[in-house]
Amino acid sequence: AIQIVHRYARPKKIALLIAVLALLLALSEIGGKQAQNESIANNIDASNLWAFFQAKTIRGTTLRTAVEAMEIDLAAAADPAAKERMAKRIEGWKATIVRYDSEPETNEGRKELMVRAKAKEKSRDDYKAKDENFEIASGLLQIGIVVASASIITGVTALALVGGGLGVGAVVMMGLALFAPHFLF
């Protein structure tokens, strides 16, 4: 009777190891998917901010060109009322150009947009590194499950130990994904 209990105890322990590895695999996949989604969202946000930055640059360049052209017209104008209107228009455009370059109140000047876009790019890169760590963890767990399963079929206990070791490696990778995503990437 003791030998029968012993014969079934080993496969149960390995089955429990496989169940734990499968649980960790599910958690790793969830973490990886979340990191991937956040990376994509931050990439879209960064692209939108850079497009807005580019639009502000184009608008500023257009206004600078208009100011230069009107300053030539102003110098050639003879009518004092027309000169006054042109001068006011030039000053208004110059104020708009300054506002396009920096607008701290709305956080939508070129300088502010650049800072925001770079922050989104950094966040995107952080989440991308997390995703890569989770991907490695998932791969290690999948291999660990296969190796541990082979241990039950073959009766080779060393395979179960290798499967457990792969699980430990996966936990380390998951920890890196959460706390130090750029340690490897």
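Everything below is about the structure printed above this text.
Summary of the structure given here. Every chain is numbered independently, its residues counted from 1 as its sequence is written. This being a predicted model, a pLDDT of at least 70 is required before a residue's local features are given, and a value of 80 or more before pairs of side-chain atoms are given or counted; all residues contribute to the totals for chains, interfaces and linings. Hydrogens and waters are ignored; side-chain quantities use all the structure's heavy atoms.

1. Notes on the overall build of the protein
Worth spelling out the cut-off: A helix here means a DSSP run of H or I that spans at least four residues, while a strand means a run of E at least two residues long, and both kinds are numbered starting from the N terminus. Here's how the labels work: a residue is buried when its accessible area is under 20% of the maximum for its type, exposed when over 50%, partly exposed in between, all with a 1.4 Å probe on protein chains only. Any pair of residues with heavy atoms lying within 4.5 Å of one another is described as a contacting pair. Accessible surface is estimated by sampling points in the Shrake-Rupley manner with a 1.4 Å probe; for residues, cover comes only from the protein chains shown. Under this rule, positive means Lys or Arg and negative means Asp or Glu; His and the chain ends count for nothing. The atoms used to mark charge sites are NZ of Lys, CZ of Arg, CG of Asp and CD of Glu.
Looking only at helices and strands, the protein has four helices and zero strands in total. For the protein, the α and β elements follow one another from N to C terminus as α-α-α-α. By the burial criterion, 29% of the 185 residues in the protein qualify as buried. In the protein, of all internal contacts separated by at least 6 residues, the share reaching a separation of at least 24 is 72%. For the protein, the exposed surface amounts to about 11,500 Å²; the carbon and sulfur share of it is 66%. Charged side chains of the protein number 23 positive and 20 negative; the gap between the two group centres comes to 8 Å.

2. A closer look at the packing of helix H3 (residues 110-154) against helix H4 (residues 157-179)
Where we set the bar: Simply put, an axis is a line fit to the C-alpha atoms, just over the touching stretch for a helix, and the angle between two N-to-C directions goes from 0 to 180 degrees. Under this scheme an angle from 65 to 115 degrees is roughly perpendicular, one under 35 degrees roughly parallel, and one over 145 degrees roughly antiparallel; angles in between are oblique. A clockwise turn of the near helix away from the far one marks a right-handed crossing, whereas an anticlockwise turn of less than a right angle marks a left-handed crossing. Side-chain classes are defined by residue name, with Ala, Val, Leu, Ile, Met, Phe, Trp, Tyr, Cys and Pro counting as nonpolar, Asp, Glu, Lys and Arg as charged, and the others, Gly among them, as polar.
Following both chains from N to C, one finds H3 and H4 inclined at 165 degrees, their axes separated by 8 Å at the closest point. Between H3 and H4, the angle is such that the two are roughly antiparallel. The handedness of the crossing between H3 and H4 comes out as left-handed. When its residues are assigned to classes, the contact of H3 with H4 shows 19 nonpolar, eight polar and one charged.

3. What to know about the pattern of salt bridges
Pairs can form between side chains of opposite charge whenever their charged atoms are close. This is how the line gets drawn: Salt bridge, as used here, is a side-chain nitrogen of Lys or Arg placed within 4 Å of a carboxyl oxygen of Asp or Glu.
Evaluated as defined, the whole model comprises nine salt bridges. Among the charged side chains, a network of salt bridges with common partners joins Arg64, Asp101 and Arg110.

4. A word on the environment of Asn42
Relative to the helices and strands, Asn42 is located in helix H1 (residues 2-76). Looking at Asn42, the relative accessible area reads 5%, which means it is buried. Residues Asn42 and Ala117 lie 75 residues apart in sequence; the distance between their C-alpha atoms is 9.2 Å. Not counting chain neighbours up to four residues away, the residues in contact with Asn42 comprise Lys120, Ser123, Arg124 and Tyr127.

5. Topic: H4
As a reminder, the rule being used: Take the residue count of a helix, subtract one, and multiply by 1.5 Å to get its expected span.
Taking 1.5 Å of rise per residue, the 23 residues of H4 would be expected to cover 33 Å, and the 33 Å separating its terminal C-alpha atoms lies within 8% of that figure. Among all positions of H4, only Ala160, Gly163, Gly164, Gly167, Ala170, Met173, Met174, Leu176 and Ala177 are buried.

6. Details of unusual backbone geometry
What you tend to see is this: most non-glycine residues have negative phi, and most peptide bonds are trans. Even without being glycine, Asn107 reaches a positive phi, approximately 65 degrees. Of the residues examined, Asn107 reaches a relative accessible area of 34% and is grouped as partly exposed.

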